[in-house]
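As a plain string of letters, each chain reads:
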Amino acid sequence: MSALTPDPPPPGTPPAGQPGYDALAELYDRTFPGPWQRPLDRHAVDAFADGLPRGGTILDLGCGTGHVTVELAFRGFHTIGVDPSARMLQIARKRYPRRTWIAGDARYPAAEAAVREAGPVSGILARFSLIHVPPEELPAVLESWAAHTEPGCHVLLSFQALLEPELDVEEFPHVVAPAWRWNPSSLARALDEAGFGERWRVIVCPDDEHPYPECHLCAVRA
């Protein structure tokens, strides 16, 4: 996303919930018109979904314009997209009006009627969204997930990774908003402390379009 330069929002735009992504929403949507940037993105979500009961509810926290949320709905899941960006959600609602979209941050949206009515959540997806949570706030976010899910709930995190073993977390330049990349083992420990045990992880090497390693990390609520 480092090549993207946001257009100014048009007059009359409602107050932003996430200013960086609100300003970037239309350009983001044009630049990333589908759910996957790399084949392993799709394979990681496939592996995550294969561990869940069909018809179960998945929360997509940081759903953006909703492509992956809807992809999982097509596979037979009840999906709820959650994002702090009002403009991203406007695009998702216009394109996929029959799906459920909620304004919210990375914390579990327990107060939302749509989430309460959905019953137990069997999966939580957070693809490149926890990177914007300051490290000191991450434990509370994960604890909110654990407090409102039952044993067996799967989570899948995707994030820019930090592979130096002596470092846990490091801020990195991001074109949209402040962001941090995590050592996968450090993030796995944070999940474990919140009650989610790691099941698997995949590391993807950098390439010309992705300057940092990326990690897909799956864990299950104990």
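Scroll up a little and you will see the structure.
Conventions we followed
Residues numbered from 1 in each chain as written. Predicted model: local features only at pLDDT ≥ 70, side-chain atom pairs only at ≥ 80, totals over all residues. Heavy atoms only, no water. Salt bridge = Lys/Arg side-chain N within 4 Å of Asp/Glu carboxyl O. Helix = DSSP H or I, 4+ residues; strand = E, 2+ residues; numbered from the N terminus. Contact = heavy atoms within 4.5 Å. Core = buried A, V, L, I, M, F, W, Y, C linked by side-chain atoms within 4.5 Å. Buried < 20%, exposed > 50% of the residue type's maximum accessible area, 1.4 Å probe, protein only.

Caption draft 1: Molecular detail of the pattern of salt bridges. Enumeration according to the criterion identifies eleven salt bridges in this entry. Salt-bridge contacts for Arg 42 lead to Asp 46; the nearest nitrogen and oxygen are separated by 3.8 Å. One end of the pair is Arg 42 and the other is Asp 46, both in helix 2 (residues 39-50) and four residues apart, which spans about a single turn. In the salt-bridge network here, residues are joined through shared partners; they are Arg 42, Asp 46, Glu 71 and Arg 75.

Caption draft 2: Quick look at the environment of Ile 203. Relative to the elements of secondary structure, Ile 203 occurs in strand 8 (residues 196-204). Between the alpha carbons of Ile 203 and Ala 161 there is a distance of 8.1 Å; along the sequence they are 42 residues apart. Apart from the residues lying within four places of it in its own chain, the contact partners of Ile 203 are Leu 163, Pro 184, Pro 213, Glu 214 and Cys 215.

Caption draft 3: Examining the nonpolar core more closely. Counting 37 residues, the largest nonpolar core has Leu 130, Trp 145 and Phe 159 as its most contacted members. When residues of this core are traced back to their parent elements, those giving at least two are strand 1 (57-61), strand 2 (78-83), strand 4 (121-127), helix 6 (138-147), strand 5 (154-160), strand 7 (179-182), helix 7 (184-194) and strand 9 (214-221). Ignoring anything within four residues of it in the chain, the contact list for Trp 145 reads Leu 61, Ala 106, Arg 107, Tyr 108, Ile 124, Ala 126, Leu 130, Val 155, Leu 157 and Phe 196. If you look at the next biggest cluster of nonpolar residues, it comprises eleven residues, including Leu 52, Leu 72, Leu 156 and Cys 218.

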